[in-house]
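Report on the structure
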Amino acid sequence: QALLMESGGGSVQPGGSLRLSCVASGRASRRACVAWFRQSPGKEREGVAEIPTEGGTSYHHHSVKGRFTISRDSAKNTVYLEMNRLKPEDSATYYCAAGDGPCGLSAVFYKDWGQGTQVTVTS
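The paragraphs below set out a description of the structure included in this document.

Considerations on unusual backbone geometry
Residue Pro102 follows Gly101 across a cis peptide bond; omega there is 0°. On the secondary structure map, Pro102 appears in the loop between strand S9 (92-99) and strand S10 (112-113). A positive phi angle, near 50°, is found at Asn77, a position not held by glycine. At Arg85, a residue that is not glycine, the phi angle is positive and equals roughly 50°. Here Arg85 is to be found in the loop between strand S8 (78-83) and S9.

Here you go:
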């Protein structure tokens, strides 16, 4: 069984910060890549950032580069998404996903998905 559990979402003012966590267990903890996606009502699911689980370079979508940082703690089977300087357009449900590669920001590469955590950026 593969399980991904997200946490850390919430409501924050523009310019604020949040840190999302994704804990992987079972088969999901052995996948080669972990990524964060987001989706807001009426929009396509969008890849935000991805990171290989066994070393290698992470990648961030241009819309979040310089504001968001993906990282991993392999000992805890946890991947984080540090989000700074949040904007209203960052509001979405954020999903953690795991796959066997190739690592990238296309949802078709990912087999295991979490239930999502809501991020709302509003004044």
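A few points about the environment of Ser91
As for its position among the elements, Ser91 is in the loop between S8 and S9. You can call Ser91 partly exposed: its relative accessible area is 21%. The spatial distance from the C-alpha of Ser91 to the C-alpha of Gln39 is 8.5 Å, given a sequence separation of 52 residues. Not counting residues within four places of it along the chain, the set of residues in contact with Ser91 comprises Ser40, Val119, Thr120 and Val121. Here the side chain of Ser91 touches Val121 through a polar contact of 2.8 Å, landing on its backbone nitrogen.

Some remarks on the pairing of strand S3 (residues 18-26)
As paired strands, strand S1 (residues 2-7) and S3 are joined by 6 bridges and run antiparallel to one another. By the bridge assignment, Leu4 is partnered in S3 with Ala24. Note that S3 and S8 share 6 bridges and pair antiparallel. Considered in S8, the bridge of Leu20 is made with Leu81.

Considering the packing of aromatic side chains
Applying the stated criterion across every chain yields a total of 2 aromatic pairs. Measuring from ring centre to ring centre gives 4.9 Å for Phe37 and Trp113, while their planes differ by 50°; the resulting arrangement is tilted. Highlighted residues: Phe37 in strand S4 (residues 33-39) and Trp113 in strand S10, separated in sequence by 76 residues. Three or more aromatic residues joined by ring pairs form one cluster here, namely Phe37, Tyr110 and Trp113. Sitting over the face of the ring of Trp113, Arg45 holds its NZ or CZ atom 4.7 Å from the ring centroid.

Topic: the sheet that holds S1
In spatial order, the strands read S1-S3-S8-S7; together these 4 strands make up an open sheet with antiparallel pairing. Each edge of the open sheet carries a strand with a single partner, namely S1 and strand S7 (68-73). Taken pair by pair, the neighbouring strands of this sheet meet at an average axis angle of 15°, ignoring direction.

Some thoughts on the environment of Cys33
For Cys33, the location among the structural elements is in strand S4. Assessed through its relative accessible area of 1%, Cys33 is described here as buried. Residues Cys33 and Arg72 lie 39 residues apart in sequence; the distance between their C-alpha atoms is 11 Å. Those residues in contact with Cys33 that sit more than four places away from it in its chain are Ile51, Pro52, Thr53, Ala97, Ala98, Gly99, Gly101, Pro102, Cys103 and Tyr110.

Each value, and the rule that gives it
- Residues numbered from 1 in each chain as written.
- Predicted model: local features only at pLDDT ≥ 70, side-chain atom pairs only at ≥ 80, totals over all residues.
- Heavy atoms only, no water.
- Helix = DSSP H or I, 4+ residues; strand = E, 2+ residues; numbered from the N terminus.
- Buried < 20%, exposed > 50% of the residue type's maximum accessible area, 1.4 Å probe, protein only.
- Contact = heavy atoms within 4.5 Å.
- Polar contact = N/O pair within 3.5 Å; in protein donor to acceptor, adjacent residues only side chain to side chain.
- Pairing = 2+ DSSP bridges.
- Phe/Tyr/Trp six-rings, centres within 6.5 Å; stacked < 30°, edge-to-face > 60°.
- Lys NZ or Arg CZ within 6 Å of the ring centre and 35° of its normal.
- Axes fitted to C-alpha atoms, helices over the stretch in contact; angles between N-to-C directions.

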